[in-house]
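The lines below spell out each chain.
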Amino acid sequence: MRLQRTTAALGAALTALVALTGCSSSWGEDAGLPAAGDMAAIEKLVGARTMCSDLRTGTAGGTMSEESRDPAWAVRERGVCGDDAGDTLTLLSVSDMEKFQESAKKAAAAGHATRFLLGQDFAVVTADPKAARDLMASDVLLFTCEQGFNVPDGYRSEKLLVDGCALTDYLPA
């Protein structure tokens, strides 16, 4: 009888522990990726490393404007701002990172590969390599599904929610 109660208590404790640990961490947390939560927090994170002037939200023109309107990409909000080089940074608040990664993988397979800098719940697109390097100092990582993209030895290669893509601190020249 005592063994049954002990086994039942142990089983309940184990179930609670699994439920607690399964729900408490979000994707990317184990890799040390930063989380933003909303567009203001993304702008603050980006602005701490590179210029992000004149933030404009919405879907009007530019990088990821069509994709941000497509529910398959799970983009909650899109914004653009300017950097030091006069290039545009595209900021994306992402509601479902698995959907976002899957859509990026499908786009790459169709010949539309884009490199993103990912946090736990956001993505940034920049064409300026200096801005990308500066942003990577804030612990975001490069995410790409480009065909033939390889992470050299000695660089981080983190787990993704979809196979066939890379999440790394390696930024090719």
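For the structure given in this document, a descriptive report is provided here. As the structure is a prediction and not an experimental result, all values here were calculated from the model. (Residues numbered from 1 in each chain as written. Predicted model: local features only at pLDDT ≥ 70, side-chain atom pairs only at ≥ 80, totals over all residues. Heavy atoms only, no water.)

What follows is about the pattern of salt bridges. Taken as a whole and assessed by the stated rule, the structure comprises four salt bridges. Between Asp54 and Arg56 there is a salt bridge whose closest N-O contact spans 3.1 Å. Residue class for Arg56 comes out partly exposed when judged on its relative accessible area of 40%. Arg156 is the partner of Glu158 in a salt bridge, and the nearest nitrogen-oxygen pair spans 3.1 Å. What makes Glu158 partly exposed here is its relative accessible area of 26%. (Salt bridge = Lys/Arg side-chain N within 4 Å of Asp/Glu carboxyl O. Buried < 20%, exposed > 50% of the residue type's maximum accessible area, 1.4 Å probe, protein only.)

Turning next to unusual backbone geometry. Notably, Asp54 is not glycine yet its phi reads approximately 60°, a positive angle. As for its position among the elements, Asp54 is in strand β1 (residues 53-57). For Asp54, a relative accessible area of 55% puts it in the exposed group. The backbone of Asp139 sits at a positive phi, close to 80°, despite the residue not being glycine. (Helix = DSSP H or I, 4+ residues; strand = E, 2+ residues; numbered from the N terminus.)

Now for the state of the cysteines. Taken as a whole and assessed by the stated rule, the structure comprises two disulfides. Note that Cys52 is cross-linked by a disulfide to Cys81, the S-S spacing being 2.0 Å. One disulfide, between Cys52 and Cys81, carries an S-S torsion of -105° and so falls in the left-handed class. Taken together, the positions of Cys52 in the loop between α2 (39-47) and β1 and Cys81 in strand β2 (residues 75-82) put the pair 29 residues apart, joining distant regions of the chain. (Disulfide = S-S within 2.5 Å.)

Our next topic: the sheet that holds strand β5 (residues 122-126). The strand order across the open sheet formed by seven strands is β1-β2-β3-β5-β4-β6-β7, and the pairing between neighbours is antiparallel. A single partner strand is all that each edge strand has here, and the edge strands are β1 and β7 (166-168). For this sheet, the mean inter-axis angle between neighbouring strands, taken without regard to orientation, is 25°. In terms of strand pairing, strand β4 (residues 116-118) meets β5 through two bridges, oriented antiparallel. In the sheet register, Leu118 faces β5, and the bridge partner there is Ala123. Against the sheet, α2 makes contact with β1, β2, β3 (88-94) and β5, and its axis sits at roughly 140° relative to β3, the strand it touches most. The strands touched by helix α4 (residues 97-109) within the sheet are β2, β3, β4, β5 and β6 (141-144), with β4 carrying the most contacts at an inclination of about 160°. (Pairing = 2+ DSSP bridges. Axes fitted to C-alpha atoms, helices over the stretch in contact; angles between N-to-C directions. Contact = heavy atoms within 4.5 Å.)

What follows covers α4. The terminal C-alpha atoms of α4, which comprises 13 residues, lie 18 Å apart, in line with the 18 Å expected from a rise of 1.5 Å per residue. Buried residues belonging to α4 abut β2, β3, β4, β5 and β6. Where α4 begins, the capping side chain belongs to Asp96, and its oxygen is found 3.1 Å from the backbone nitrogen of Glu98. (Expected span 1.5 Å × (residues − 1). Polar contact = N/O pair within 3.5 Å; in protein donor to acceptor, adjacent residues only side chain to side chain.)

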